[in-house]
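Residues per chain, in single letters:
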Amino acid sequence: MDKTVLQEYIDACELVKDIEAEIQKLNRKKKTVIQTNVKGSMHEFPYVEQHFKVQGTTFTVKDDSRLRYEEKLLEQQKAKAEQVKLQVEEWMLTIPSRMQRIIRYRYLEGMSWGQVAVKMGRRATADSVRMELERFLKEI
């Protein structure tokens, strides 16, 4: 495990959120209904004008096929991103608690090294926490 995997974790989490939003957007498009009023009359005498409400969707079979394919691709991307996320979370369970905290603050919550040092306490400095993590990552 290295820093790049931690960055991938952050990106994977964001990608999952983005993909879920995109899937919801596709599903909303399927449900869009258009309504209009039309008027007409009988073909025979007496010609009586009548008004009708017509509603439907502009969603065609071709659109449906394309959207199903897009949704399938998005689901595959989501599954892959979730797999990366789970791998990192499993790895986090195997490392010391202090390293878990440092990694969580720095990479998952996006804090600066100074903020991480304050959260860690015990007179930690930004450089000392950064070096501690770098040494740990070199050892594994």
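Just above sits the structure.
In what follows, the accompanying structure is described. Please read these numbers as outputs of a predicted model, since none were measured by experiment.

**Focus on the pattern of salt bridges**
One side chain can pair with another of opposite charge once the charged atoms of both are near each other.
Then comes step 1: Under the definition given, this model contains seven salt bridges.
Then comes step 2: In this structure, Glu-20 and Lys-78 form a salt bridge, with 3.0 Å as the shortest nitrogen-oxygen distance. Here Glu-20, found in helix α1 (residues 3-30), pairs with Lys-78, found in helix α2 (residues 61-92); they are 58 residues apart in sequence, far enough to count as distant.
Then comes step 3: Between Asp-127 and Arg-130 there is a salt bridge; the shortest N-O distance is 3.4 Å. One end of the pair is Asp-127 and the other is Arg-130, both in helix α5 (residues 126-139) and three residues apart, which spans about a single turn.
Then comes step 4: Note on Arg-130: relative accessible area 26%, which makes it partly exposed.
Then comes step 5: Overlapping salt bridges, with partners in common, bring together Asp-127, Arg-130 and Glu-134 in one network.

**Regarding a nonpolar patch on the surface**
Then comes step 1: Nonpolar side chains collect at one region of the surface, where Val-38, Phe-52 and Val-54 lie side by side and expose about 230 Å² of accessible area between them.
Then comes step 2: The residue Phe-52 is located in strand β2 (residues 50-56) in this model.

**Quick look at the nonpolar core**
Then comes step 1: The biggest cluster of nonpolar side chains holds 22 residues, and the ones touching the most others in it are Trp-91, Ile-102, Ile-103, Val-129 and Leu-133.
Then comes step 2: Residue assignment for this core shows that the elements contributing at least two residues are α1, α2, α3 (97-108), α4 (113-120) and α5.
Then comes step 3: Apart from residues lying up to four places away in sequence, Val-129 is in contact with Ile-102, Trp-113, Val-116, Ala-117, Met-120 and Ala-124.

Parameters and conventions
Residues numbered from 1 in each chain as written. Predicted model: local features only at pLDDT ≥ 70, side-chain atom pairs only at ≥ 80, totals over all residues. Heavy atoms only, no water. Salt bridge = Lys/Arg side-chain N within 4 Å of Asp/Glu carboxyl O. Helix = DSSP H or I, 4+ residues; strand = E, 2+ residues; numbered from the N terminus. Buried < 20%, exposed > 50% of the residue type's maximum accessible area, 1.4 Å probe, protein only. Patch = residues over 30% accessible without salt bridge, like charges linked within 9 Å, V, L, I, M, F, W, Y side chains within 5 Å. Areas by Shrake-Rupley, 256 points an atom, 1.4 Å probe, with all protein chains shown as cover. Core = buried A, V, L, I, M, F, W, Y, C linked by side-chain atoms within 4.5 Å. Contact = heavy atoms within 4.5 Å.

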